[in-house]
Amino acid sequence: MKRIIIALVFFGEVALLSFGCVSTSRHAYQGTLPMQAPFAGLDTLCANDWWNRAPTGIINLKVPRDQVIAFGIYTVSNNTLKLSAQLFPLYPEETREVRLEIKEGGRWKEVQRRKANDIGWSVLFRVENWNSAENTFYRLRHGKKAIFEGLIREDPVDKEEITLAALSCNSNRDRGMRENYVRNINHQDPDLVFFAGDQSYDHTEHTAAWLKFGLQFREVFRNRPCIAIPDDHDIGQGNLWGEGGKKSNTPEGDDGGYYYHPEYVKMVERCQTAHLPDPYDPTPVEQGIGAYYTRLLWGGVDFAIIEDRKFKSGPKGKIPQQGPRPDHIRNPDYDPASIDLEGLTLLGNRQLLFLEDWGRQWEGVAMKAVLSQTGFCGGAHLHGSKDNRLHADLDSNGWPQTGRNKALSAIRAANAVHIAGDQHLATVLQHGIEAYGDGPWAFVVPAIVNNYYSRWWQPLEEELADSPLLHNPLPWTGNFTDGFHNKITMHAYANPDSPSNGAGYGLIRFNKPNKTVTFECWPRNADVTAPGARQFTGWPITIKLQDNHGSK
């Protein structure tokens, strides 16, 4: 009986794949590959003769051929739909053509055909003159049987409250599905979703990990617009100081730039960001790496999507080293001014000009928010473990301080709030530029999975002396300076001591009539469909935009 089952599976695969003589482990293809990857040792599970690779612990790549479309991900802006289809790897004989269909009058109508890129297996559809005033069902098709369906939502411009779900840091320490997140977010039904970075932690195998991420979260973004931006782990580095796209000479990247092949970096950005609205300025940086920073106006809320890593200076060789690593300062007696040197960059002039221009545009806009990868201060004291106290972490956007203050001034001028991820520690704080409370509010959302490099907010006793505590259920709230002497007022934090280990997600509610923003922070193990579901201690927090920029 066992042999009969094996034979049936074997012949079933041959009939399904239509490839003639195919073994269960190797595809018998003798011709020239349609496309050779321009890099070696990267994305090996999905590039070139991918079918000859051993099974991976990330995801099964040899799916039935009616399942080769893993997911679609989209945004709509300025009456233009941009939708990326993500495919599983295709065999050489299979067509690369993918079709986009929409439902009109109860019938499916094909609107475009596009070819997938063998490097990353994504394909972009762009449909102009899109009718944003109504819901439209779409489906992606490949071959005769592969289909992925979803909903392009109407622009919720008439809703009084627009909600954004925000997530970050999908660690591969947990390969499981994300059922709790999917259930909770779909029940809360946000108008759009934001993934702030580190969707992938498998540094040199982005496509396989991105496919895994898609299977975990596609039921969240199948039926609503989704913003995704890559961070350091996505492009294969533990930290990233992009320094205008230059080549880094070290895997740590602390000398500035990108360590891996630029075509690999471009592949990552193509898969994760091609569906975003057109870039404000698409001029490539060094090595031909693109730029995707842009704006998305949805439901009357104007989102600036920035790249806070791409132009930032690397610390190695540019500032006095104050610890065992160029990016970690362990000397509490150092002078913060000694590392805020002329010529160091954070957002770069291009993005500062974008933020200034964006901040002046108010047609059809009720409220504004800036979305980025990480926060504009050092918002954690303990890194990785409770015995690893850092005075300052140069991976954060608290450094360089002059660049940080320029960025916050542009955000303040737009009266925008700031939302980010990366830090593995949820915080809500108000920045100070010249004085406490004169800058914008910021919400750094928790990690999706937080059993990798957790962080704690735990100031020393001497740091509490001049900190007037707020009426808050949490200790250690109030006015502080971070390790760069940046002024911050801490309102809430979710240390990884809870049953969920500090893992969870953020939900941000933009109330347009009242001009208020409410920050919600939900633990991973919460069930929002059950009575009495509770957020992390200290949340929710509601702010008035009139208090968002220090005006009295």
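Asks: Is there a simple way to explain helix H4 (residues 262–273) in this structure?
Replies: In an α-helix, one full turn covers 3.6 residues, which means residues spaced three or four apart are oriented alike. Its twelve residues give H4 an end-to-end C-alpha distance of 16 Å, which sits within 8% of 16 Å, the value for a rise of 1.5 Å per residue. Taken across its twelve residues, H4 has nine buried, putting it largely inside the fold. Where H4 is concerned, the buried positions are Pro 262, Tyr 264, Val 265, Met 267, Val 268, Glu 269, Cys 271, Gln 272 and Thr 273. On its buried face, H4 is in contact with strand E2 (80–87), strand E5 (122–127), helix H3 (206–221) and strand E10 (226–228).

Asks: Explanation requested: the side chain of Gln 199 in the structure shown.
Replies: When you line up the elements, Gln 199 lands in the loop between strand E9 (192–195) and H3. Within the structure, the side chain of Gln 199 is placed 2.9 Å from the backbone nitrogen of Gly 197, a separation counted as a polar contact. A distance of 3.2 Å separates a polar side-chain atom of Gln 199 from the backbone oxygen of Ile 229. Here Gln 199 is in contact with Asn 170, Trp 210, Phe 213, Ala 228, Ile 229, Pro 230, Asp 234 and Gln 272, once residues within four sequence places are set aside.

Asks: Looking at this structure, I do not really get the packing of H3 against H4. What am I missing?
Replies: The description of two packed helices rests on the angle between their axes and on the distance between the axes. It is at 11 Å that the axes of H3 and H4 come closest, and there the two elements cross at 15 degrees. Regarding the angle of H3 to H4, the classification is roughly parallel. In the packing of H3 onto H4, the handedness of the crossing is right-handed. Residues His 206, Thr 207 and Trp 210 of H3 form the contact with H4, whose participating residues are Tyr 264, Met 267, Val 268, Cys 271 and Gln 272.

Asks: Whenever I open this one, the confidence of the model for the protein confuses me. Can you help?
Replies: It should be kept in mind that the predicted coordinates are not to be read in detail where pLDDT is low. Taken as a whole, the protein shows an average pLDDT of 92; of its residues, 93% reach a score of 70 or greater. Across residues 1–24, where pLDDT falls below 50, the model places 19 contacts with residues more than four positions away in sequence or in other chains.

Asks: It is not clear to me how the packing of aromatic side chains should be interpreted in this structure. Could you clarify?
Replies: Geometry of an aromatic ring pair is reported as the spacing of the ring centres plus the angle between the planes. Evaluated as defined, the whole model comprises 28 aromatic pairs. Seen from their ring centres, Phe 39 and Tyr 264 are 5.7 Å apart, and the 85 degrees between their planes marks the pair as edge-to-face. Taken together, the residues Phe 39 in the loop between helix H1 (2–17) and strand E1 (69–77) and Tyr 264 in helix H4 connect sequence positions 225 residues apart. Their ring planes at 75 degrees and their centres at 6.2 Å tell us that Tyr 260 and Tyr 264 sit as a pair that is edge-to-face. Under the relative-accessibility criterion, Tyr 264 is labelled buried at 0%. The structure contains a cluster of three or more aromatic residues connected by ring pairs, namely Phe 71, Tyr 181, Phe 195, Trp 210, Phe 213, Phe 217, Phe 221 and Tyr 505. Here the guanidinium or amino end of Lys 247 rests over the ring plane of Tyr 259, the centre of that ring lying 5.0 Å away.

Thresholds applied
- Residues numbered from 1 in each chain as written.
- Predicted model: local features only at pLDDT ≥ 70, side-chain atom pairs only at ≥ 80, totals over all residues.
- Heavy atoms only, no water.
- Helix = DSSP H or I, 4+ residues; strand = E, 2+ residues; numbered from the N terminus.
- Expected span 1.5 Å × (residues − 1).
- Buried < 20%, exposed > 50% of the residue type's maximum accessible area, 1.4 Å probe, protein only.
- Contact = heavy atoms within 4.5 Å.
- Polar contact = N/O pair within 3.5 Å; in protein donor to acceptor, adjacent residues only side chain to side chain.
- Axes fitted to C-alpha atoms, helices over the stretch in contact; angles between N-to-C directions.
- Parallel < 35°, antiparallel > 145°, perpendicular 65-115°, else oblique.
- Left-handed = near helix turned anticlockwise from the far one by under 90°.
- pLDDT = per-residue confidence, 0-100.
- Phe/Tyr/Trp six-rings, centres within 6.5 Å; stacked < 30°, edge-to-face > 60°.
- Lys NZ or Arg CZ within 6 Å of the ring centre and 35° of its normal.

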